[in-house]
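As a plain string of letters, each chain reads:
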Amino acid sequence: GWFWDAGTAAATVNTNGSLDPSNAWVNATSGMNILKYTGNGSTSTVGHNLGAKPDFIIIKALATSCNWEVYSSSIGAEYNLNLNTNGAKYDSSARWNDTEPTNDVFTLGNYANVNDNGVDYMAYLFTSIPGYSAFGEATGNGSTDGVFIYTGFKPRYILWKGTNETSSWGIIDAARSPYNVADELLVAEDAMDEDGGNSNWARDILSNGFKMRGSHGSVNGNGDTYIYAAFAEHPFKTARA
């Protein structure tokens, strides 16, 4: 399992939006905020507690079969991804109303998966914290001498997703793959067992980032685009190497 510390007690909700959360949990030091809200069925803004623009937002309706809707700052609010499918990004104003989140609020359309009237939702928000987390976009090179992604720390957890074609949400972590190459694959959108020794998804986990070692098109296709989320094994502010 992977766990993020969201604090030991509920935070005061941010009421600066037009739709107020009912509960909030936040760890601003690690750049994470969890919100619960009830949809109102109309385009709205929701206040968050990060104090910085979110880089990654996941929203899930409770007690319904709706998709897990994903915003990424790398592809922008015009586009959307679903954490429970392997589909490419798609244009959708219904989710985020084509409006980038701010340091204070994020915007929802009136789509049922994010803001149906009377439906309860959970929102998970993350922002990059130097030395702790990194969110971004990379372009593949189609080679086993793959692209290097600088994070500024040694990653403990890496989530990787192709955005311009069908591609799994691949998860590699340094607990299951403690040595390079790291190739023990899990995927977020499927209940499959761990795919051990998957050379397509192999990468080197390094002191300041990670380097792709697979050349498969869904992982490191030449000219294809990918987003990532990485979290540090030993969070620090300043490298002492």
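Residues numbered from 1 in each chain as written. Predicted model: local features only at pLDDT ≥ 70, side-chain atom pairs only at ≥ 80, totals over all residues. Heavy atoms only, no water.

Caption draft 1: Highlighting the overall build of the protein chain. From N to C terminus, the protein chain includes three helices and 17 strands. The C-alpha radius of gyration computed for the protein chain amounts to 18 Å, which stays within 12% of the reference 18 Å derived for 241 residues, consistent with globular compactness. Its C-alpha atoms give the protein chain principal-axis dimensions of roughly 50 × 40 × 30 Å. For the protein chain, with 241 residues in total, the buried portion stands at 51%. Contacts in the protein chain between residues at least 24 apart in sequence constitute 60% of all its contacts with a sequence separation of at least 6. Here the protein chain displays about 10300 Å² of accessible surface, and carbon together with sulfur accounts for 47% of that area. Put simply, the protein chain has 14 plus and 25 minus side-chain charges, and the middle of one group is 6 Å from the middle of the other. (Helix = DSSP H or I, 4+ residues; strand = E, 2+ residues; numbered from the N terminus. Rg over C-alpha atoms; globule rule 2.2 N^0.38 Å. Buried < 20%, exposed > 50% of the residue type's maximum accessible area, 1.4 Å probe, protein only. Contact = heavy atoms within 4.5 Å. Areas by Shrake-Rupley, 256 points an atom, 1.4 Å probe, with all protein chains shown as cover. Lys, Arg positive; Asp, Glu negative; His and termini not counted. Charge placed at Lys NZ, Arg CZ, Asp CG, Glu CD.)

Caption draft 2: The arrangement of the sheet that holds strand 14 (residues 186–187) in detail. As summarised here, the arrangement of the five strands in space is 10-17-12-13-14, forming an open sheet in which the pairing is antiparallel. In this open sheet, the two edge strands, each paired with only one partner strand, are strand 10 (133–139) and strand 14. (Pairing = 2+ DSSP bridges.)

Caption draft 3: Seen up close, the sheet that holds strand 1 (residues 23–27). The strand order 1-2-9-4-5-6-7 describes an open sheet built from seven strands, whose pairing is antiparallel. Here the strands that pair on one side only, and so sit at the sheet edges, are strand 1 and strand 7 (90–91). Here strand 5 (residues 69–72) runs beside strand 6 (residues 79–82); their pairing, made up of two bridges, is antiparallel. Note that in strand 6 the partner of E69 across the bridge is N82.

Caption draft 4: Spatial organisation of the packing of aromatic side chains. With the rule as written, the count across this model stands at 17 aromatic pairs. With centroids separated by 6.5 Å and ring planes inclined at 70°, the aromatic side chains of F56 and W169 adopt a geometry described as edge-to-face. Of the two residues, F56 sits in strand 4 (residues 56–61) while W169 sits in the loop between strand 12 (155–162) and strand 13 (170–173), which places them 113 residues apart along the sequence. For the residue pair F56 and W169, the accessibility class agrees, reading buried in each case. Their ring planes at 80° and their centres at 6.0 Å tell us that Y132 and F231 sit as a pair that is edge-to-face. Residue Y132 is found in the loop between strand 9 (120–126) and strand 10, and its partner F231 is found in strand 17 (residues 225–232); the two are separated by 99 residues along the sequence. (Phe/Tyr/Trp six-rings, centres within 6.5 Å; stacked < 30°, edge-to-face > 60°.)

Caption draft 5: Region of the structure containing unusual backbone geometry. With omega at 5°, the peptide bond leading from N180 into V181 counts as cis. Structurally, V181 can be placed in the loop between strand 13 and strand 14. Despite not being glycine, N97 shows a phi value in the positive range, around 55°. You can see N97 is positioned in the loop between helix 1 (93–96) and strand 8 (105–108). For N97, a relative accessible area of 32% corresponds to the partly exposed category. With a phi angle near 55°, D98 is a residue other than glycine that sits in the positive phi range. With respect to the helices and strands, the residue D98 is situated in the loop between helix 1 and strand 8. Take D98: its relative accessible area is 43%, and that puts it in the partly exposed class.

Caption draft 6: Summary view of the environment of K60. If you trace the backbone, K60 turns up in strand 4. The buried category is assigned to K60, whose relative accessible area is 12%. The spatial distance from the C-alpha of K60 to the C-alpha of A123 is 6.6 Å, given a sequence separation of 63 residues. Not counting chain neighbours up to four residues away, the residues in contact with K60 comprise C66, N67, W68, D120, Y121 and M122. One polar contact links the side chain of K60 to the main-chain carbonyl oxygen of C66, over a distance of 3.4 Å. (Polar contact = N/O pair within 3.5 Å; in protein donor to acceptor, adjacent residues only side chain to side chain.)

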